[in-house]
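The lines below spell out each chain.
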Amino acid sequence: MQIRNEEKSRAAVMAVASGKGGVGKTNISLNLAICLAEAGQRIVLIDADLGLGNLDVMMNLSSRYNLSHVIDGRKTLDQITHIGPAGIEVICGGSGLDNIANLTPFQHHRLISQFNRLQDRADMIVIDTGAGIGQNVIGFCLAADHTLVVTTPEPTAITDAYAVIKVLTAQKYAGRISLLVNMASSIEEGKKICRQIANVAARFLGTAIYEAGILCRDEWLQTAVCMQKPVVQAFPKSPFSRGIRTLSHRLTNTIPMQIESEGFFRKVVNWFF
Ligand SMILES: Nc1ncnc2c1ncn2[C@@H]1O[C@H](COP(=O)(O)OP(=O)(O)O)[C@@H](O)[C@H]1O
Ligand SMILES: [Mg+2]
């Protein structure tokens, strides 16, 4: 189906991906979204971990409805949007995206126009993706302007992060890819891993990888997770919170917020359609 191509100024979209689960994507997405919002940006955070989404648990927010209810037409996007910490708008994914393939052209159009309105009113959309390199993850990254790949120093996490970079390159991803090393034991260790991955990607894939930053292992984060509070609010002076704040400043200084775009969700939906 042909949908009118409307290039206009809309929120830039950043997907957070990793390949391997448990590396810190959800905590990074949530706390980064809060810092960006505290700096005055209008932020939408989408839990696109369609199988095991847990953003709601991390914020102690009960979400009965999710994207699957919007896709099947029972709810509107506004009805499932929660206002989270620092005023971020939070949308929980659910596992309904597979149903997109069964939508009628009218439902398809209605879905995309709701998403476009969302993208029009925000400055930045942060997408917390799931583990793996399946289409549920890669589809979101390919449609995003920027993909933040998260790894830890573990060899398995590094291999999986590289796999994400490789798949995006193979799919001719036009956006920017940056790398964040989480749970490092020191900044030096993190920087070394970042350089190694960037070198291998440049040499074997011809892909430029930007260094987003290093976050060290920090027990305050685990305490905050148990309290179901975002660490940047529960423990703003903890090393993880400081690191996220630095990342937020760096992002606001290096990547544009609102950009000319044909619409992220049109690309996502067409990918699944
Ligand atoms: N920098 C860190 N220091 C200590 N623990 C961390 C750090 N980052 C993540 N964790 C731990 O890893 C767990 C999984 O993080 P999460 O954000 O859910 O990962 P993902 O979304 O990639 O699966 C967190 O609950 C937390 O206990
Ligand atoms: Mg997660």
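Above this text sits the structure in question.
Reference entry: report on the structure contained in this document. Please read all numbers here as calculations on a predicted model, not as lab measurements.

Under the criterion given, the structure shown has 6 salt bridges. Between Arg121 and Glu89 there is a salt bridge, and its shortest N-O distance comes to 2.6 Å. Of the two residues, Arg121 is situated in helix H5 (residues 105–121) and Glu89 in strand S5 (residues 89–92); the sequence distance between them amounts to 32 residues. Looking at Glu89, the relative accessible area reads 17%, which means it is buried. A salt bridge links Glu211 to Lys191; the shortest N-O distance between them is 3.1 Å. Of this pair, Glu211 sits in strand S9 (residues 210–216) while Lys191 sits in helix H8 (residues 187–205), placing them 20 residues apart in sequence.

Another point: the site of ligand 1. Near ligand 1 lie 17 residues; those nearest to it are Gly22, Lys25, Thr26, Asn27 and Asp218. A distance of 3.2 Å separates a nitrogen atom of ligand 1 from a polar side-chain atom of Gln222. For the shell around ligand 1, the secondary-structure elements that each account for two or more residues are helix H1 (25–38), strand S8 (176–184) and helix H9 (219–226). For the shell around ligand 1, the class distribution of residues is 7 nonpolar, 7 polar and 3 charged.

Time to look at the environment of Leu221. Along the chain, the position of Leu221 falls in helix H9. Once the C-alpha coordinates of Leu221 and Ser9 are considered, the two residues, 212 residues apart in sequence, prove to be 36 Å apart. When sequence neighbours within four positions are dropped, the list of residues in contact with Leu221 reads Asn27, Val231 and Phe240.

Reading across the sheet, the 8 strands line up as S4-S5-S3-S6-S2-S7-S8-S9 and stay open at both edges, with mixed pairing between neighbours. At either end of the open sheet lies a strand with only one pairing partner, and these are strand S4 (82–83) and S9. The pairing of S4 with S5 spans 2 bridges and is antiparallel. Directly across from Ile83, in S5, lies its bridge partner Glu89.

Once that is clear, we can look at the nonpolar core. In this structure, Leu77, Ile91, Leu111, Ile125, Ile127, Leu168 and Phe264 are the most contacted members of the largest nonpolar core, which totals 52 residues. Ranked by residues supplied to this core, first place goes to helix H6 (residues 135–143) with 6 residues. Those residues within four positions of Ile91 in sequence are excluded, and the remaining contacts are Val44, Leu45, Ile46, Asp47, Leu67, Leu77, Ile80, Thr81 and Leu118. By size, the runner-up hydrophobic cluster in this structure holds 37 residues, among which are Phe235, Phe240, Leu251 and Ile255.

Turning our attention to the packing of H1 against helix H11 (residues 239–254). Between H1 and H11, the shortest axis-to-axis distance is 9 Å and the interhelical angle comes to 65°. The chirality of how H1 crosses H11 is right-handed. From H1, Asn27, Ile28, Asn31, Leu32, Cys35 and Leu36 reach across to H11, where they touch Phe240, Ile244, Arg245, Leu247, Ser248, Leu251 and Thr252. When its residues are assigned to classes, the contact of H1 with H11 shows 8 nonpolar, 4 polar and 1 charged.

This part takes up the environment of Ile193. Its place among the elements puts Ile193 in helix H8. The class of Ile193 is buried, set by a relative accessible area of 7%. Distance in space between the C-alpha atoms of Ile193 and Met124 is 28 Å, their sequence separation being 69 residues. Once residues within four sequence positions are removed from consideration, Ile193 is found in contact with Thr151, Pro153, Ile158 and Val181.

Parameters and conventions
- Residues numbered from 1 in each chain as written.
- Chains lettered and ligands numbered in written order.
- Predicted model: local features only at pLDDT ≥ 70, side-chain atom pairs only at ≥ 80, totals over all residues.
- Heavy atoms only, no water.
- Salt bridge = Lys/Arg side-chain N within 4 Å of Asp/Glu carboxyl O.
- Helix = DSSP H or I, 4+ residues; strand = E, 2+ residues; numbered from the N terminus.
- Buried < 20%, exposed > 50% of the residue type's maximum accessible area, 1.4 Å probe, protein only.
- Near = heavy atom within 4 Å.
- Polar contact = N/O pair within 3.5 Å; in protein donor to acceptor, adjacent residues only side chain to side chain.
- Nonpolar A, V, L, I, M, F, W, Y, C, P; charged D, E, K, R; others polar.
- Contact = heavy atoms within 4.5 Å.
- Pairing = 2+ DSSP bridges.
- Core = buried A, V, L, I, M, F, W, Y, C linked by side-chain atoms within 4.5 Å.
- Axes fitted to C-alpha atoms, helices over the stretch in contact; angles between N-to-C directions.
- Left-handed = near helix turned anticlockwise from the far one by under 90°.

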